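# Secondary and tertiary structure notes
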Amino acid sequence: MANSAQARKRARQADKQRAHNASLRSTLRTAIKRVRKAILTGDKAAAQGVFQESVSVIDRIADKKIVHKNAAARTKSRLSAQIKALGVAAA
């Protein structure tokens with residue numbers, strides 16, 4: 001329990017920031033799910049389009065340090081590889 005005015009204010013700020021970060025993390029997860037869903041349809045062009053939109057979301061959230069930059073890069077790499085594999089499977 002915060003005893004000083006300063007500690008109470010910091011607790012309020014921490015709650016507000018945690019809620020904002022949770023919202024951004026949810027946006028990130030949604031963007032990733034959209035790409036995975038597009039990959040499951042098997043349409044490489046559509047998946048590529050959704051992936052390009054999601055890359056900016058992933059990078060923006062990584063820049064804000066909501067997720068680590070390497071985790072973001074790993075996610076983008078894996079999604080890109082799955083999209084690339086669609087073309088190999090279809091050909």
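Residues numbered from 1 in each chain as written. Predicted model: local features only at pLDDT ≥ 70, side-chain atom pairs only at ≥ 80, totals over all residues. Heavy atoms only, no water.

Inspection of the secondary structure assignment puts K33 in helix α1 (residues 5-41). Along the primary structure K33 and V57 are separated by 24 residues, whereas in three dimensions their C-alpha atoms are 12 Å apart. (Helix = DSSP H or I, 4+ residues; strand = E, 2+ residues; numbered from the N terminus.)

Time to look at unusual backbone geometry. Positive phi values are uncommon outside glycine, yet K65 reaches one of about 65 degrees. Within the secondary structure, K65 sits in the loop between α2 (44-63) and α3 (69-90).

Moving on: the pattern of salt bridges. Between side chains of opposite charge, a pair can form as their charged atoms come close. Scanning the entire structure with this criterion turns up three salt bridges. Linking R18 and D15 is a salt bridge whose minimum nitrogen-to-oxygen distance equals 3.4 Å. On the criterion of helical spacing, the pair formed by R18 and D15 is a turn pair, its members being three residues apart in helix α1. Residue classification places R18 among the exposed residues on the basis of a relative accessible area of 56%. The residue R34 makes a salt bridge to E53 at a minimum N-O spacing of 3.4 Å. In this pair, R34 is assigned in helix α1 and E53 in helix α2, connecting sequence segments 19 residues apart. (Salt bridge = Lys/Arg side-chain N within 4 Å of Asp/Glu carboxyl O. Buried < 20%, exposed > 50% of the residue type's maximum accessible area, 1.4 Å probe, protein only.)

To continue, consider the nonpolar core. The biggest cluster of nonpolar side chains holds 21 residues, and the ones touching the most others in it are V35, I39 and I61. Secondary structure elements with two or more residues in this core: α1, α2 and α3. Among the elements that make up this core, the one with the highest residue count is α2 (eight residues). (Core = buried A, V, L, I, M, F, W, Y, C linked by side-chain atoms within 4.5 Å.)

Attention now moves to α1. Note on helix geometry: an α-helix contains 3.6 residues per turn, so any two residues three or four positions apart are oriented the same way. For α1, which comprises 37 residues, the first-to-last C-alpha distance of 55 Å matches the rise-based estimate of 54 Å (1.5 Å per residue) to within 8%. Of the positions making up α1, those classed as buried are N21, L24, L28, A31, I32, V35, A38 and I39. A positive backbone phi angle near 90 degrees is found at G42, which sits one or two residues after α1. (Expected span 1.5 Å × (residues − 1).)

Quick look at α2 now. Between the first and last C-alpha of α2 there are 28 Å, a value that for 20 residues agrees with the 28 Å anticipated at 1.5 Å per step. Restricting attention to buried positions, one finds in α2 the residues A47, V50, F51, S54, V55, V57, I58, I61 and A62. Taking the backbone nitrogen of A45 as reference, a side-chain oxygen 3.4 Å away marks D43 as the first, capping residue of α2. (Polar contact = N/O pair within 3.5 Å; in protein donor to acceptor, adjacent residues only side chain to side chain.)

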